[in-house]
Amino acid sequence: MYVVCFWTIPCCLVDNINRPAQITVRYERRSSLPAFARRRDGHFNAGQGKIGPSSIQGRLDKRLNPLTPPTVSTNYSPFRVKRDAVIIIFFLFSPLTTAMAAAARFLLRGAVSKASIANVNVGAQSSFGITLLRLSPNCSSKTKTQRRNAAHFTYHPDPVPTEYGPTTKMNLFQSVTSALDNTLASDPTAVIFGEDVAFGGVFRCTVGLRDKYGKDRVFNTPLCEQGIVGFGIGAAVAGATAIAEIQFADYIYPAFDQIVNEAAKYRYRSGNLFDCGNLTIRAPWGCVGHGSLYHSQSPEAFFAHCPGIKVVIPRGPVQCKGLLLSCIADQNPCIFFEPKILYRAAVEQVPTEAYTIPLSQAEVIQEGSDVTLVAWGTQIHVLREVANMAQEKLGVSCELIDLQTILPWDTETVCKSVAKTGRLLISHEAPITGGFAAEISSTVQVSLFCVWSCMQRVLLESLGAFRGEMWDGLQIYSRVSISVWIGVWGCTFCLKCEMKFKYLSVGVLGQAINLSLRGTD
């Protein structure tokens, strides 16, 4: 009981010190408000909420008497924060606290043997013993982990391209600026617009372009993603090369209707009389390590379901400039996602002149023979390290493919690689459920694997424990037996169907025998 009473004080203080100081704005002429507003005022002042200029009282008072200045008062002074911090430090570092923490650890080990540290992290806040453990300086309830670096990978630049002319050192956002500069210089109808692009944008991708080309070609828009894309559709239909910037890919959802129902279907619904193919939508994309929910999303799978648009994601500055220029020149609406974590981390020698990289064409970055690794954007650099680790520690040769274009994607290159290696691993930053990796895996499965080959693999792997002198003979016997069984089953099915599929049955039997004589690896 004494432990409980003793530890309730610092727990309350910790709760107060973590809570930001709430600022209450009280306006004059409160008597002029209607009754419901006064009740709302009392409700907030009673500690059940906060009052600000956007509340009922603030809006009404500002309209009734805008010249009356508000009086601002804080209900949690800085002195009280400092005082409570001193008290907490005293409690945490006192000898009595150390002794009580040791006793609590001893009691908790015996009484709560099934309680894991994970329960502490997920919120068993009503337990005073666990609270004690969390506050004790000598007992950490969290698993000690390695210090997190700025990125979860090490960027390795690609070889310097020689086929596009002279190069200069650029990071990824500078390559974006260079691509936009080339477009504005060569196309007098090109316009760039978005939130804060006139000032260079939040990632400085358009810095200096307004001063160079004028405010009529590089200009800001209101904070309305739906309006930005809608304006871009109209400008593209009118004949301009519209380059719209969504400040973050996480904010693209308000423009989802304009992209999916208008831009993607404009050519189809007009019978190819009109189109907005000159529209390109740029957006910073992917996680950055500290972006939280509104600055870390990867929404490419949402748009991969929609025909009529192209979705492109580069892996570095060289690809970024070439693919962006290809999107701008393409006669279809394109969404260009730029990995924001690479804006400054990725530095390469980038050609200064304009050049294009073909869309819908994957690139084999590293040749291999054992497994195919497929990714796009930032995950390419993660899988590059995975491939090196697999080669060094496991002796596994990995073939790494950068998909580059999500829609429409290069099925031929991926399937050709998987046919060679026999194995496929796909990695992306987006959520697993409904992610684009599912589309890739299902396409590869349908294109390269069939029912009887899967049955052969299952049977042969189940018999793998009997490897020995008779393994080769057993393997051939099992293949032939399964193939004959499938052929007989197919012929029987076709006979029951009045021989309508007799040619199919012969083909099934021949294909089954052909596959049975091949190696499963």
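Here the structure is a predicted model, which means the values were calculated and not measured.

Asks: Explain the overall build of the protein residue by residue, including any values.
Replies: Tallying secondary structure elements over the protein gives 21 helices and 15 strands in all. A buried classification covers 43% of the 521 residues belonging to the protein. Across the protein, the fraction of contacts at a sequence separation of at least 24, relative to all contacts at a separation of at least 6, is 80%.

Asks: Let's hear about the packing of helix H17 (residues 411–421) against helix H18 (residues 436–448): which residues, and what values?
Replies: At a minimum axis distance of 10 Å, the contact between H17 and H18 shows a crossing angle of 60°. Between H17 and H18 the crossing geometry is right-handed. Residue-level inspection shows Thr411, Val414, Cys415, Val418 and Ala419 of H17 in contact with H18, the latter providing Ile440, Thr443, Val444, Ser447 and Leu448. Here the contact of H17 with H18 is composed, by residue class, of seven nonpolar, three polar and no charged.

Asks: Lay out the sheet that holds strand S7 (residues 279–285) in plain terms, naming residues and giving numbers.
Replies: Pairing is mixed across the open sheet formed by seven strands, whose spatial order is S5-S4-S6-S7-S9-S8-S14. The sheet is open, and its two edges are formed by strand S5 (218–220) and strand S14 (405–407), each paired on a single side. With direction set aside, neighbouring strand axes in the sheet form an average angle of 20°. In this sheet, strand S9 (residues 334–339) lies alongside strand S8 (residues 310–312) in parallel orientation, the contact comprising three bridges. Note that in S9 the partner of Val312 across the bridge is Phe336.

Asks: Outline the packing of aromatic side chains, listing residues and values.
Replies: In the structure shown here, the tally under the stated rule is 13 aromatic pairs. On the basis of an interplanar angle of 75° and a centroid distance of 5.6 Å, the ring pair of Tyr253 and Phe302 is categorised as edge-to-face. Taken together, the residues span a long stretch of sequence, with Tyr253 in the loop between strand S6 (241–245) and helix H11 (256–263) and Phe302 in helix H13 (residues 300–304) at a distance of 49 residues. Against the face of Tyr266 rests Arg269, its NZ or CZ located 5.0 Å from the ring centre.

Asks: Quick one: what's the story with the pattern of salt bridges, residue by residue and with numbers?
Replies: Across all of its chains, the model carries 12 salt bridges by this definition. The salt bridge partner of Arg315 is Asp158, with a shortest N-O separation of 2.6 Å. With Arg315 in the loop between S8 and helix H14 (317–329) and Asp158 in the loop between helix H7 (128–135) and strand S3 (167–171), this pair connects stretches of sequence that are 157 residues apart. Summarising the burial analysis for this pair, Arg315 and Asp158 share the class buried. One salt bridge connects Lys420 with Glu399, and the closest N-O pair in it is separated by 2.5 Å. Linking Lys420 in helix H17 with Glu399 in strand S13 (residues 398–402), this pair joins segments that are 21 residues apart in sequence. You can call Lys420 partly exposed: its relative accessible area is 43%. Classification of Glu399 as buried rests on a relative accessible area of 3%. It is possible to trace a salt-bridge network through shared partners that takes in Asp158, Arg315, Glu363, Arg384 and Asp402.

Asks: Go over unusual backbone geometry with me, naming the residues and quoting the values.
Replies: As a rule of thumb, non-glycine residues mostly have phi less than zero, and peptide bonds are mostly trans rather than cis. Along the chain, Leu407 connects to Pro408 via a cis peptide bond; the corresponding omega equals -10°. Of note, Pro408 is situated in the loop between S14 and H17. A positive phi angle is found at Asn272, which is not glycine, with a value near 65°. Of note, Asn272 is situated in the loop between helix H12 (266–269) and S7. The class of Asn272 is exposed, set by a relative accessible area of 52%. Of note in this structure, Ser292 is not a glycine but carries a positive phi near 60°. Along the chain, the position of Ser292 falls in the loop between S7 and H13.

Thresholds, definitions, all that
- Residues numbered from 1 in each chain as written.
- Predicted model: local features only at pLDDT ≥ 70, side-chain atom pairs only at ≥ 80, totals over all residues.
- Heavy atoms only, no water.
- Helix = DSSP H or I, 4+ residues; strand = E, 2+ residues; numbered from the N terminus.
- Buried < 20%, exposed > 50% of the residue type's maximum accessible area, 1.4 Å probe, protein only.
- Contact = heavy atoms within 4.5 Å.
- Axes fitted to C-alpha atoms, helices over the stretch in contact; angles between N-to-C directions.
- Left-handed = near helix turned anticlockwise from the far one by under 90°.
- Nonpolar A, V, L, I, M, F, W, Y, C, P; charged D, E, K, R; others polar.
- Pairing = 2+ DSSP bridges.
- Phe/Tyr/Trp six-rings, centres within 6.5 Å; stacked < 30°, edge-to-face > 60°.
- Lys NZ or Arg CZ within 6 Å of the ring centre and 35° of its normal.
- Salt bridge = Lys/Arg side-chain N within 4 Å of Asp/Glu carboxyl O.

Read these as layout, nothing more, since geometry by itself doesn't imply function.
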